[in-house]
Amino acid sequence: MHWAYLDNNATTRTDPEVVATMLPFFSQSFGNPSSAHDFGHAAGAAVGYARRQVQALLGAEHEAEIVFTASATEANNAALLQALRREERGEVIVSAVEHPAILAVVADQEKHHGMVVHRIGVDGSGRLDMNGYRRALSRKTALVSIMWANNETGTIFPVPELAEMAHAVGALFHSDAVQAAGKIAIDLKTTKVDMLSLSAHKFHGPKGIGALYVRKSTKFRALLRGGRQERSRRAGTENVPGIIGLGRAAELAHARMANDPVRIAGLRDRLERSILATIDGCFVLGDAAHRVPGTAALAFEGADSEEVLFRLNQAGIAASAGSACASGNIEPSHVLKAMRVPYAAAMGALRFSLSRETTPDDIDQLLTVLPEIVAMSRAAATRAAG
């Protein structure tokens, strides 16, 4: 059976070129970058090259601004720790639609450290309440963390503008860019962003490796303490194969940035147009004018998303009912609740996420079976209600 993999916001296939680049660092150039002999020097040089590859993808001014981590979740935790360091300021600002890797951390700071947390709402398209953001900003704000793009709807937030506003009151600005890095152009040296998190496996790199950008002028306290790796900003022996894979994935994404987003957006738009034309009672979620290219989130009123996903899986199609980190929850996601999507529509919300490996045949495979599957789900729901 041919599989149409349309769950690339959850994870992407590791590019074979990335795997090939990683392999020698498992069994040939296997040295510890901290070692003084040639094995260590070779590993250290490779890590430095990967750092420059990530620097280029993000448009960072200095390669030393890239700190390798085990995941974007770790990077987010390390960034948000900086709010506690600024003891003279006791408030943080996040959006209501952040990933749990942000929301759970600030909730902990709120409960155990007395931090005041402002959770800024969004409108029906998932766009940030800018007036609410302005009102929340003050000289008490230690740190702002707003995602670059939402993982469920793909809506892009105006991060450069938000960072400027945060700096105007002396606050640090962090962005969880997991769903943006490698998918849309980012040029950090032209912004006021102080910290940014990313994850390799979202753009065809390996799992288990991420990075935190820390602007050169930003005072930073390490989350993990021990050795002096990463200029004492992240202790622990470096995951050299993972770092090499992240670097190569960043290089490939950067090289393809001129063409891939346009092609992927074209496939997404065709997918949405066809669904809207053939299935009644459905609508696109998110800001249609400001989205990452590969995310198509739609709500199907009266359908059960879990049942639809089960039948799609049987038909060889992988998709999602929202964030993979929140799947299995029978309630609408916190993102859809924040957008005030009607309950009957939210319970039928699906996310189809594309990548550079998605083909027109994948889209056709979905379009062939989706109308009947949605109709079956709605009929079952009607029978159950009757």
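Residues numbered from 1 in each chain as written. Predicted model: local features only at pLDDT ≥ 70, side-chain atom pairs only at ≥ 80, totals over all residues. Heavy atoms only, no water.

(A) Representation of helix H3 (residues 38-58) in the model. Spanning 21 residues, H3 covers 30 Å between terminal C-alpha atoms, matching the ideal 30 Å at 1.5 Å per step. Every buried residue belonging to H3 is among Gly40, Ala43, Ala46, Val47, Gly48, Ala50, Arg51, Gln53, Val54, Gln55, Leu57 and Leu58, and all of these are buried. Gly59 occupies a position one or two residues after H3 and carries a positive phi of about 70°. (Helix = DSSP H or I, 4+ residues; strand = E, 2+ residues; numbered from the N terminus. Expected span 1.5 Å × (residues − 1). Buried < 20%, exposed > 50% of the residue type's maximum accessible area, 1.4 Å probe, protein only.)

(B) Examining the pattern of salt bridges more closely. Applying the stated criterion across every chain, the model contains 16 salt bridges. A salt bridge links Asp187 to Lys189, with the shortest nitrogen-to-oxygen separation between them at 2.9 Å. Judged by relative accessible area, Asp187 falls into the partly exposed class, the value being 29%. Ionic pairing is found between Arg270 and Asp364, a salt bridge with its closest N-O pair at 3.1 Å. (Salt bridge = Lys/Arg side-chain N within 4 Å of Asp/Glu carboxyl O.)

(C) The packing of aromatic side chains, seen in detail. What the rule picks out here adds up to 1 aromatic pair. Residues Phe30 and Phe39 carry aromatic rings whose centres are separated by 5.1 Å and whose planes lie at 35° to one another, so their mutual orientation is tilted. By relative accessible area, Phe39 is classed as partly exposed at 43%. (Phe/Tyr/Trp six-rings, centres within 6.5 Å; stacked < 30°, edge-to-face > 60°.)

(D) Here's a closer look at the environment of Ser197. In this structure, Ser197 sits in strand E7 (residues 195-199). Each residue touching Ser197, except ones within four places of it in the same chain, is listed here: Ala72, Ala75, Asn76, His174, Ser175, Asp176, Ala177, Val178, Ala211 and Leu212. Here Asn76 takes part through its side chain, which lies 2.8 Å from a polar atom of the side chain of Ser197. (Contact = heavy atoms within 4.5 Å. Polar contact = N/O pair within 3.5 Å; in protein donor to acceptor, adjacent residues only side chain to side chain.)

(E) A look at the sheet that holds strand E6 (residues 172-176). As summarised here, the arrangement of the 7 strands in space is E2-E8-E7-E6-E5-E3-E4, forming an open sheet in which the pairing is mixed. The open sheet has two free edges, formed respectively by strand E2 (66-69) and strand E4 (116-120), since each of these has just one partner strand. Strand-to-strand twist in this sheet, taken as the mean axis angle between neighbours without regard to direction, amounts to 20°. Two elements, strand E5 (residues 141-145) and E6, share 3 bridges in a ladder whose sense is parallel. (Pairing = 2+ DSSP bridges. Axes fitted to C-alpha atoms, helices over the stretch in contact; angles between N-to-C directions.)

(F) Highlighting the nonpolar core. Counting 71 residues, the largest nonpolar core has Tyr133, Trp148 and Phe173 as the members making the most contacts within it. Residues Cys282, Leu312, Phe352 and Leu370 belong to the second largest nonpolar core, which totals 26 residues. (Core = buried A, V, L, I, M, F, W, Y, C linked by side-chain atoms within 4.5 Å.)

(G) Region of interest: the packing of helix H4 (residues 72-85) against helix H5 (residues 100-113). Across the interface, H4 lies against H5 with an axial gap of 9 Å and an inter-helix angle of 35°. Our pair here, H4 against H5, has a crossing hand that is right-handed. Contacts between H4 and H5 pair Thr73, Asn76, Asn77, Leu80, Leu81, Ala83 and Leu84 from the former with Ala101, Ile102, Val105, Val106, Gln109 and His113 from the latter. Of the residues that constitute the contact of H4 with H5, the class distribution is 8 nonpolar, 5 polar and no charged. (Left-handed = near helix turned anticlockwise from the far one by under 90°. Nonpolar A, V, L, I, M, F, W, Y, C, P; charged D, E, K, R; others polar.)

(H) Local environment of the sheet that holds strand E9 (residues 282-285). Taken in spatial order, the 3 strands line up as E9-E10-E12 in an open sheet, and their pairing is antiparallel. The open sheet has two edge strands, E9 and strand E12 (349-353), and neither has a second partner. On average, each strand axis in the sheet is tilted by 30° relative to the strand beside it, whichever way the strands run. Note: strand E10 (residues 295-300) against E12, 5 bridges, orientation antiparallel. The residue bridging Thr295 from the neighbouring strand is Ser353, located in E12.

(I) Inspection of unusual backbone geometry at higher detail. A positive phi angle is found at His204, which is not glycine, with a value near 70°. Its place among the elements puts His204 in the loop between E7 and strand E8 (210-214). Overall, the relative accessible area of 4% leaves His204 in the buried class. Positive phi is not limited to glycine here, since Arg231 has a value of about 55°. The residue Arg231 is located in helix H8 (residues 229-232) in this model. Note on Arg231: relative accessible area 51%, which makes it exposed.

(J) Highlighting the environment of Phe68. The topology assignment puts Phe68 in strand E2. Residue class for Phe68 comes out buried when judged on its relative accessible area of 3%. Along the chain, Phe68 and Gly242 lie 174 residues apart, while their C-alpha atoms are 9.6 Å from each other. Not counting chain neighbours up to four residues away, the residues in contact with Phe68 comprise Val47, Ala50, Arg51, Val54, Gly210, Ala211, Glu230, Arg234, Ile243 and Leu246.

(K) H4, seen in detail. Relative to the 20 Å expected for 14 residues at 1.5 Å per residue, H4 spans 21 Å between its end C-alpha atoms, a close match to the ideal helical length. Buried within H4 we find Ala72, Glu74, Ala75, Asn76, Ala78, Ala79, Leu80, Leu81, Gln82, Ala83 and Leu84. The distance from a side-chain oxygen at the start of H4 to the backbone nitrogen of Thr73 is 3.4 Å, and the residue carrying that oxygen is Ser71.

(L) How the structure looks around the environment of Leu367. For Leu367, the position within the fold is in helix H14 (residues 360-385). In contact with Leu367, other than residues within four places in its own chain, are Arg270, Leu271, Ser274 and Ile275.

(M) Examining the pairing of E2 more closely. Residues Ile66 and Phe68 point to one face of E2 and Val67 and Thr69 to the other, with burial holding for every one of them. With 4 bridges connecting them, E2 and E8 associate as antiparallel partners. Bridge pairing in E8 links Val67 to Leu212.

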